[in-house]
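Structural description and commentary
So you can see what is in the structure, the chains are spelled out below.
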Amino acid sequence: RKYQSAFPSGYQALVSPRYALKDSLHLERLTTPNNQSISLLKPYQETAHYRLHFYSQQERFLDDYIPVLENMHLRVMDQVQFPVTVDGVTQFIRSFTIKTASSQCASLNSVSASLLETIQAIMNGKIENDALNKLLVLTGMAWQEIDVIRAYRNYYLQLGYRTTRATVHHALINNPRVVLCLFNYFEARFRLNPEWDDPAQREEQALFPLRLQLLESMVPVSDINDDKILRTLFNLIDATMRFTFPL
């Protein structure tokens, strides 16, 4: 009830009452100035696009958000910030109307939970804010899985190949199906599975079929540099003897 007069008129014109309740609950959970929260509002009635809401006790600016959203392969169609004052305390809702940047992406509905978890992890400094985060909407991979690919990217660059981070990103982002096959191969090599305790069984039942799948996914790769980078990343995964990534 205390929020009935707290939301400004612009907010009330934009957001339906059911989502206003959701927003008020997020604001209630902000306990310290450094806390922030995120939610994704689904399209409803005449609203054709998703809205991404950021909640904070401190006023934040566009350059806090736009690089993150661009690296998530999201296109911002409009944005507005609403101050919400309750009991003399002002909190902020930054609202973005968003859509995926290309038609090849997964639907936001199918990746909504992973999307929010990834953005929260980025904002908390838990993972790197770089272009590889686009793989979430391109493949449906979770941020932890993308971080595996990021680790191999870093290893690749440390080996002294005459290429740049941007070139490696180009190879990965423009070939999301190959990236998904690379992670699936990594997972099959190292996931604990009683049925695969025998290396020969793991090879026959999982690794060999996945190598064939990877080769098939490489067929449409027309850029020579992309092809070279992707094959080298596969070789690095195939040569890995142990890892610390939780599966």
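Residues numbered from 1 in each chain as written. Predicted model: local features only at pLDDT ≥ 70, side-chain atom pairs only at ≥ 80, totals over all residues. Heavy atoms only, no water.

**Some details on the pattern of salt bridges**
Heads up, the rule is: Note on definitions: salt bridges are taken to be side-chain nitrogens of Lys or Arg within 4 Å of carboxyl oxygens of Asp or Glu. Helix and strand assignments come from DSSP, with helices taken as H or I runs of at least 4 residues and strands as E runs of at least 2, each series counted from the N terminus. Here the term buried applies to any residue with accessible area under 20% of the maximum for its type, exposed to any over 50%, and partly exposed to those in between, with areas from a 1.4 Å probe on protein chains only.
All told, the structure shown has ten salt bridges when counted by the stated rule. Linking Arg51 and Asp78 is a salt bridge whose minimum nitrogen-to-oxygen distance equals 3.3 Å. In this pair, Arg51 is assigned in strand β2 (residues 50-56) and Asp78 in strand β3 (residues 74-86), connecting sequence segments 27 residues apart. On the basis of relative accessibility, which here comes to 37%, the residue Asp78 falls in the partly exposed class. Notably, a salt bridge pairs Glu128 with Arg153, separated by 3.4 Å at the nearest N-O pair. Of this pair, Glu128 sits in the loop between α4 (108-123) and α5 (135-139) while Arg153 sits in helix α6 (residues 143-158); the two residues are 25 residues apart in sequence, bridging distant segments of the chain. For Glu128, a relative accessible area of 30% translates into the label partly exposed. Ionic contacts of the salt-bridge type, sharing partners, join the residues Glu128, Asp130, Asp147, Arg150, Arg153 and Arg165 into one network.

**With respect to the environment of Leu108**
Within the secondary structure layout, Leu108 lies in helix α4. We classify Leu108 as buried; its relative accessible area is 6%. In this structure, the C-alpha to C-alpha distance between Leu108 and Ala200, residues 92 residues apart in sequence, is 40 Å.

**Here we look at the packing of aromatic side chains**
Defined as follows: Only Phe, Tyr and Trp rings take part, Trp by its six-membered ring, and two of them pair if their centres are within 6.5 Å. Stacked means planes under 30 degrees apart, edge-to-face means over 60, and tilted covers everything else.
Per the counting criterion, the structure on display carries ten aromatic pairs. For the ring pair Tyr11 and Phe82, a centre distance of 5.3 Å and an interplane angle of 90° mean the geometry is edge-to-face. Of this pair, Tyr11 sits in helix α1 (residues 9-14) while Phe82 sits in strand β3, and the two are 71 residues apart along the sequence. In this pair, the class of Tyr11 matches that of Phe82, namely buried. Here the aromatic rings of Phe54 and Phe96 are separated by 5.8 Å at their centres, their planes lie at 85°, and the arrangement is edge-to-face. One end of the pair, Phe54, is in strand β2; the other, Phe96, is in strand β4 (residues 89-100), with 42 residues separating them in the sequence. The exposure class of Phe54 is buried, given its relative accessible area of 2%. Feature note: the residues Tyr152, Phe183, Phe186 and Phe190 constitute an aromatic cluster, connected by ring pairs.

**Some points on the side chain of Ser39**
Basically, it comes down to this: Polar contact criterion, stated in full: a pair of N or O atoms within 3.5 Å, where within protein one must be able to donate a hydrogen and the other to accept it, and residues adjacent in sequence count only if both atoms are side-chain atoms. By definition, residues are in contact when any of their heavy atoms lie within 4.5 Å.
Within the secondary structure, Ser39 sits in strand β1 (residues 36-41). A polar contact is formed between the side chain of Ser39 and the side chain of Tyr55, at a distance of 2.5 Å. Leaving out residues up to four positions away in the same chain, Ser39 has contacts with Lys22, Asp23, His26, Arg51, Leu52, His53, Tyr55 and Leu116.

Geometric descriptors of this kind do not, in isolation, establish any biological role.
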